[in-house]
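Notes for the structure review
Residue-level listing of the chains:
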Amino acid sequence: MAGVSREKRLERNVYDALQAASCPLVESLYLQEAESMLQLLCAPSQHRTDILAWIFCSINPNFASSKAMSMRSKDPDVLTKEMAVLGHDLMLCKADDLDLIRGDASPPRQLQFLEQLLALVPGCKKSAGHTVDAAMLLNELYAAENLPHLIQMLTPTFDPWPSHIKALCKGTKSSNKPSREEDADVAALLQQTQSALEQLQSECEFLNNEAQSPGVFSPSSLRVAARDLQQLMATFSHVYETDLRAYCSRDPPSFSTETEVFQRVHQLLLACITELEMLKEVSEASVSMTEDVNQIQTQPCHWSRGEKRTLPDQLEELTRKMLLMASLTSCSADTSQNTSKHQCAEVSPARKIMQ
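Rules of the game
- Residues numbered from 1 in each chain as written.
- Predicted model: local features only at pLDDT ≥ 70, side-chain atom pairs only at ≥ 80, totals over all residues.
- Heavy atoms only, no water.
- Helix = DSSP H or I, 4+ residues; strand = E, 2+ residues; numbered from the N terminus.
- Buried < 20%, exposed > 50% of the residue type's maximum accessible area, 1.4 Å probe, protein only.
- Contact = heavy atoms within 4.5 Å.
- Areas by Shrake-Rupley, 256 points an atom, 1.4 Å probe, with all protein chains shown as cover.
- pLDDT = per-residue confidence, 0-100.
- Polar contact = N/O pair within 3.5 Å; in protein donor to acceptor, adjacent residues only side chain to side chain.
- Patch = residues over 30% accessible without salt bridge, like charges linked within 9 Å, V, L, I, M, F, W, Y side chains within 5 Å.
- Salt bridge = Lys/Arg side-chain N within 4 Å of Asp/Glu carboxyl O.
- Phe/Tyr/Trp six-rings, centres within 6.5 Å; stacked < 30°, edge-to-face > 60°.
- Core = buried A, V, L, I, M, F, W, Y, C linked by side-chain atoms within 4.5 Å.

1. Notes on the overall build of the protein
Of the regular secondary structure elements, the protein holds 14 helices and 2 strands. Looking at the 355 residues of the protein, the share that counts as buried comes to 16%. Considering only contacts in the protein between residues 6 or more positions apart, those separated by 24 or more positions represent 49%. With the model as given, the accessible surface of the protein reaches about 28000 Å², and the carbon-plus-sulfur share is 59%.

As structure tokens, this is what we get:
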């Protein structure tokens, strides 16, 4: 019963969040029944896909101009895969979780996914239905099925502190008053350490530079550093004993001597990658050449009689001029030949008269 009420409340929260985010796909809808909201948000439909696409475009504006959005009418699977990849990038689903994008997953999972997506929409404020009042929260907390969990939480049977922390607390309580002998030993150790540090400082030339101000030795800083070092060593010892010792005692792995197979496979893969890159460059060059040829054939860039013309039109005009010139040349040749024959015919009678 609690699961059903939670699912209905989740449906109302997602629907109210869409309206609060001014989603144009739900502005004209006035749904009040839980079944209608569940049908809208969880049943596979084109309307649900459009709502999901709008949410992704609101989260990532570059998604609106992607190739998947332009091909949504031709190939809906491309849009589904792109939304799944974007959901995987947002760490909300897997990259191959296409059932969740299509609406084939369980309704609670879809509603949780939509709620997480709407939380990432910029400017999306939580709707009034999302804020649960105190009375509803207390009623759910003190429900009959939740009382055993509440009692166990208030009176735990196990002490949450680990055993070594308990021992450390007991040791600190018992050793709050150190003896005078321990104080004397600590003072002597600090004095000895200070003298050793002063001797090292006198031996180091870079520490005797007059431009540098001499440092002041602080016993409290040394005490803090020693305590930190002790804690680090104790932590490493504990981790080594519990986790690392089993791995350190193992024999080193034995590698196979047949490495030529991997080398050959690596070379073949490199050759395959090179061929694929060459084919890609050839296809790109072919596409570029086709575009250039189409641009030359369609774009007017040649001047003729005061206007720009395309290359095919210019070639057609040149061909027509050449044919015209050839025809004029042939006509002039025929005319000159006929004239010479006529002159010869006129000269021959004159020659006979003179003879």
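2. Here's the deal with the environment of Phe-56
If you trace the backbone, Phe-56 turns up in helix α3 (residues 46-59). Placed 62 residues apart in sequence, Phe-56 and Leu-118 show a C-alpha to C-alpha distance of 9.2 Å.

3. Describing the confidence of the model for the protein
In the predicted model, the protein carries a mean pLDDT of 76, and the fraction of residues at 70 or more is 75%. Within the protein, the element-level pLDDT minimum falls on helix α10 (residues 163-174), averaging 58, and the maximum on helix α13 (residues 260-298), averaging 89. Predicted confidence is poor over residues 126-132, with pLDDT under 50, and the contacts of this stretch with residues over four places away or in other chains come to 10 contacts.

4. Quick look at the side chain of Gln-110
Mapping Gln-110 onto the fold places it in helix α7 (residues 107-118). When its relative accessible area of 1% is taken as the criterion, Gln-110 is described as buried. For Gln-110, the side chain forms a polar contact with the main-chain oxygen of Cys-42, separated by 3.3 Å. Only 2.7 Å separates the side chain of Gln-110 from the backbone oxygen of Ala-105, close enough to count as a polar contact.

5. Topic: a nonpolar patch on the surface
A contiguous nonpolar patch, built from Leu-138, Leu-141, Tyr-142, Leu-147 and Ile-151 and spanning about 480 Å² of accessible area, is present on the exposed surface. Those elements giving two or more residues to the nonpolar patch turn out to be α8 (134-141) and α9 (147-154). Position of Leu-138 among the secondary structure elements: in helix α8.

6. Regarding the packing of aromatic side chains
Overall, the coordinates contain 2 aromatic pairs when judged by the stated rule. Between Phe-56 and Phe-63 the ring centres are 6.0 Å apart and the planes differ by 50 degrees, which places this aromatic pair in the tilted class. Here Phe-56 falls in the buried class, since its relative accessible area comes to 0%. With centroids separated by 6.4 Å and ring planes inclined at 25 degrees, the aromatic side chains of Phe-236 and Tyr-240 adopt a geometry described as stacked. With Phe-236 and Tyr-240 both in helix α12 (residues 219-248), this residue pair falls 4 residues apart, about one helical turn. Phe-236 gets classed as exposed once you look at its relative accessible area, which sits at 52%.

7. Looking at the nonpolar core
Among the nonpolar cores identified, the biggest contains 37 residues, and Leu-18, Leu-41, Leu-52, Ile-55, Phe-56, Met-83 and Phe-113 are the most heavily contacted of them. At the level of secondary structure, the elements contributing two or more residues to this core comprise α1 (2-20), α2 (34-42), α3, α5 (76-89), α6 (98-102) and α7.

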